[in-house]
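Report on the structure
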Amino acid sequence: MKVLHISHVYPVPNDRLLGLAMHRQICELSRIGCEVRVIAPVPWRPFPAKYILRNWATYSYSDVP
């Protein structure tokens, strides 16, 4: 069975607890034989946003293209 999971709540490099339960569910589906694809959109933010709005700093890690 193929499963596509789309969620904005999924672990990111600087907040590994975000969506941890969701990640465990995906791992379990994979373990029982499902082919799982995850789409976890990351909001785009302009450069100075992390300095203006504290919440936007979450999305300013450098390893996302």
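Now for a look at the structure at hand. (Residues numbered from 1 in each chain as written. Predicted model: local features only at pLDDT ≥ 70, side-chain atom pairs only at ≥ 80, totals over all residues. Heavy atoms only, no water.)

**Focus on the overall build of the chain**
Along the backbone of the chain there are two helices and two strands. The helix and strand sequence of the chain, counted from the amino end, reads β-α-β-α. The buried share among the 65 residues of the chain stands at 15%. In the chain, of all internal contacts separated by at least 6 residues, the share reaching a separation of at least 24 is 45%. (Helix = DSSP H or I, 4+ residues; strand = E, 2+ residues; numbered from the N terminus. Buried < 20%, exposed > 50% of the residue type's maximum accessible area, 1.4 Å probe, protein only. Contact = heavy atoms within 4.5 Å.)

**Considerations on the side chain of His5**
With respect to the helices, strands and loops of the structure, His5 is situated in strand β1 (residues 2–6). Judged by its relative accessible area of 19%, His5 is buried.

**Concerning helix α1 (residues 20–31)**
One turn of an α-helix holds 3.6 residues; hence residues three or four places apart share an orientation. Helix length check: α1 (12 residues) gives 16 Å between terminal C-alpha atoms against 16 Å at 1.5 Å per residue, within 8%. Positive phi shows up at Gly33, right after α1, with a value of about 110 degrees. (Expected span 1.5 Å × (residues − 1).)

**So, the side chain of Ser7**
Secondary-structure assignment places Ser7 in the loop between β1 and α1. Classification of Ser7 by relative accessible area gives buried; the value is 11%. A polar contact of 3.0 Å, which involves the side chain of Ser7, links it to the backbone nitrogen of Val9. Those residues in contact with Ser7 that lie beyond four places of it in its chain are Ile39, Ala40 and Pro41. (Polar contact = N/O pair within 3.5 Å; in protein donor to acceptor, adjacent residues only side chain to side chain.)

**Some words on a nonpolar patch on the surface**
Taken together, the side chains of Leu4, Ile6 and Ile39 present a nonpolar region at the surface, about 300 Å² in accessible area. Counting through the fold element by element, Ile6 comes out in strand β1. The class of Ile6 is exposed, set by a relative accessible area of 58%. (Patch = residues over 30% accessible without salt bridge, like charges linked within 9 Å, V, L, I, M, F, W, Y side chains within 5 Å. Areas by Shrake-Rupley, 256 points an atom, 1.4 Å probe, with all protein chains shown as cover. Salt bridge = Lys/Arg side-chain N within 4 Å of Asp/Glu carboxyl O.)

**Quick look at the environment of Leu4**
Locating Leu4 in the fold gives a position in strand β1. What Leu4 contacts, discounting residues up to four positions off in sequence, is Arg37 and Ile39.

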